[in-house]
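# An overview of the molecular structure
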Amino acid sequence: MAGRSILYLGGSKFAAEFCDKLKGLDLCEQFTGSPSLEFPEKTPEKIDLVMFEAGPLITRSGQTLQSLIQRLSDWPLVAVTSRDQEHRGIAAVRAGAQGFVCADDVGETQLEAVIEHAIQRHRLLVRLSERDNTVLSILQSINDGVIVVDRHGNVLDINPAARSILGLAPRQQTTTQWNKAFCNFAADGKTQIDHEELPLVKACRGHKFSNQAVAYQVPNQADTILSINGQGLYDSSNTLIGGVITFRDITDIMRKTIELEKRAQYDDLTLLPNRRLFTQQLEKAIGRSQRKNRPLAVLFIDLDRFKSVNDTLGHDIGDELLRQVADRLNKNLRIGDFSGRWGGDEFIVCLEDFGEQRNAAAAAQKLVLVLSEKYDVSGSEVYTTPSIGIAIYPDSGEQADRLIKAADLAMYQAKKRGGGRFQYYSSSLNTRLAQREELELGLRHALVRDEFVLHYQPRIDVSSGRLIGLEALLRWRHPRFGLLPPARFLPILESSGLIHSAGEWVINTACRQLAAWQHQFELPDLSIAINLSQQQLKHGRLIETVEKTLVDTALDPGCIEFEIGDGEIVRQRSAELDTLYGLRAFGVRLSLDHFGTRDVSFSSLDTGVIDSFVLDQSLIQDVEINGSHQRIVRAAIAMARGLDIEVAAEGVETITQLEFLRSCKCDLAQGFLISRPVQADKVSSILRSEIAGTRLLSRGMP
Ligand code: C2E
Ligand code: MG
């Protein structure tokens, strides 16, 4: 810095002492100007910087500070004042000076820095064209923070918005090293940013970047998160002269985003990690187990008879029960173990570092006991028990999804054995898991490979024995396992989302077939019952499919009956119920399947949504000997009469059962006694005989 020529204008009490300080810096050929702030008569040839005393804001010759500064604007200007008159220095900077010093309170290093800063800043301003100056003045007034640095990264300008965002006092100066300390942490506030990636360093090197999220840290204060754009600053000859960054405070947006992300990872009801987060945590835990060479256990927990709690006590109680279950889970896990909600009434737990395998069983048994204890839900005593499946890493699987599937399968085993117990995943289950995976894979291609087929089961009018319609039942002609019933693949279709395309195929095929039969055998009233899964009702595609099919086949909508299996749907306002209303608007009929099971009960009937229901085969199977079933069937039919609802009975296997149904005035019957589900061509021959006057029953079909 040696060799700077400084013109000092002023003559106050501290002038002499201060000028000595300047001399001491060995940086100048120093000229002392007039105390009245007038230029010396003989202007020195070379002036690098003018320092003037910002004593009185109006000079003795009547000049305002502003006009004085304007007159001197060819040079870098630094105002000199005293600590107790600091406001004058600030006023000078506001009026256009590049800096100010308090003569009675400035060290040599600081003085040197202020002088150098002023020279650089002035040089930059001069180099910028008038247009750029306009841009700079705009930057002064915009809401985004702007910081201009020279080629060495020294801060030349900070606009008011930047000061406000960064919480810098109007006069607060930055140090020469500020570019390296400014925002050196990423938005998480923890990850240190490499030197080369620091925003101000990048900008002064001419790198252009946008939306760099960083943390601005001030001791004892919460981090401010900034989104920074930056680029180099060039003069008219395209030489890099510095850099500029613009930024805005995104702390609130960031906080909200984090909140949303968090929400996306946690279950709203129980606040436990959801599937996605649990799976991620499990993957990490597996990594740890692998490194430590220690086993890990996954416990899949399903509550027994939860649905009936929901159905009988209502959803609010059901929800509260789930919350309490989550709470008990949390309280009964050891530190390091973690849990999640898999969905519905399913929970999942990971046990790490549990030592011997039997300790996992002990933990599961403890959970069985704890979760089976009485729940006090809004003053009601509620009981449930868990079925728990255990899968151990690495024996039952090495990947997270594999382990979860294995635990799920074991849970089903536990449930099958009566629930309220735990079950280890075993190698025989492994074969089933492998099979399930094979089925899942195969199902993805089943439609295009034309492997689905519909069988049709005749339904007769109980009083006349006349065949009035058919139920379409889906089958899968599996290339390896042969003809598979829905029980083997429907759950996979539903859980994989493939049910939508498969369901569309069923509706299409069944309706076309019905139209063909109606036409061929001149049976315009022949009807078809088509089963729907609940998932289909959640999807707008169903309405479109039905509408298109009705148009394509020109069928009378009254000949089509859709069977739904979950009676809850018609009792609660839901998207599914909206779909049902949409279907009804076409004129098709709606039926409740499996009446008499826990899914469909009396309360589902009186809703005005359904036209008929199907008595479940579990009621019919032993109706000859089971007095309770007899009473339920009689009551259901009597109630249906009153509500003008049609009743069908399925699973009719014996004449006695049919006779009983006839005595109760049940409308329709279906079952092996009348006919098993058969292929379409077999139906054609049945219809032919029917027209010829030979009834199915009288032909004594099996
Ligand atoms: P569902 O609607 O209750 O169908 C009647 C089931 O009972 C059929 O089983 C049928 O073969 C069986 N069945 C009929 N009569 C008798 C009998 O006398 N005795 C006995 N033991 N069983 C009889 P399947 O075909 O295995 O279908 C099972 C379930 O799969 C159906 O129950 C229905 O809920 C579902 N399903 C079938 N096809 C479809 C479909 O295309 N879509 C959907 N979403 N579900 C379907
Ligand atoms: Mg059905």
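One can find the structure itself at the top, above this paragraph.
Each chain has its residues counted from 1, following the order in which its sequence is written. Think of it this way: whatever chain is written first is A, whatever ligand is written first is 1, and the rest follow in order. Where local features are concerned, this predicted model is filtered to residues with pLDDT of at least 70; where side-chain atom pairs are given and counted, the filter is 80 or more; whole-chain, interface and lining totals use all residues. With hydrogens and water stripped out, all remaining heavy atoms of the structure feed into the side-chain values.

### A few points about the overall build of the protein
Condition: Numbering of helices and strands runs from the N terminus; a helix is a DSSP stretch of H or I covering at least four residues, while a strand is a stretch of E covering at least two. To sort residues, take the accessible area from a 1.4 Å probe on protein chains only and compare it with the maximum for the residue type: under 20% means buried, over 50% means exposed, and anything in between is partly exposed. Neither His nor the chain ends is counted toward charge; the positive residues are Lys and Arg and the negative residues Asp and Glu. The location of each charge is read from NZ of Lys, CZ of Arg, CG of Asp or CD of Glu.
From N to C terminus, the protein includes 24 helices and 27 strands. Expressed along its principal axes, the backbone C-alpha trace of the protein runs to roughly 135 × 65 × 50 Å. By residue count, 49% of the 702 residues in the protein fall in the buried class. Positive and negative side-chain charges in the protein, numbering 80 and 91 respectively, have mean positions lying 3 Å apart.

### So, helix α19 (residues 541-553)
Our working definition: Each residue after the first adds 1.5 Å to the expected span of a helix. Of all possible arcs, the one meant is that of the directions from the helix axis to the C-beta atoms. Residue contacts are defined here by distance: any two heavy atoms, one from each residue, within 4.5 Å place the two residues in contact.
Across its 13 residues, α19 extends 18 Å between first and last C-alpha, which sits within 8% of the 18 Å expected from 1.5 Å per residue. Listing the buried residues of α19 in full gives L542, T545, V546, T549, L550 and T553. Here the buried residues of α19 occupy an arc of 130° about the axis, which is enough to place them on one side. Every exposed residue of α19 that faces more than 90 degrees away from the buried side is listed here: E544, K548 and V551. Against the buried residues of α19 lie α17 (499-520), β22 (527-532), α18 (534-537), β23 (560-564) and α20 (575-586).

### A look at the packing of aromatic side chains
The following threshold applies: Here a pair means two rings of Phe, Tyr or Trp (six-membered ring of Trp) with centres within 6.5 Å. Their orientation is stacked below 30 degrees between planes, edge-to-face above 60, and tilted elsewhere. Working rule: Lys NZ or Arg CZ, within 6 Å of ring centre, within 35 degrees of ring normal, means a charge sits over the ring.
In total, this model carries twelve aromatic pairs according to the counting rule given. Relative to Y216, the ring of F182 lies with its centre 5.9 Å away and its plane at 50°, an arrangement referred to as tilted. In this pair, F182 sits in the loop between α7 (178-181) and β8 (185-186) while Y216 sits in strand β9 (residues 209-216), placing the two residues 34 residues apart along the sequence. Judged by relative accessible area, which is 1%, F182 ranks as buried. Note on Y216: relative accessible area 10%, which makes it buried. The side chain of K202 reaches across the aromatic face of F209, ending 4.0 Å from its centre.

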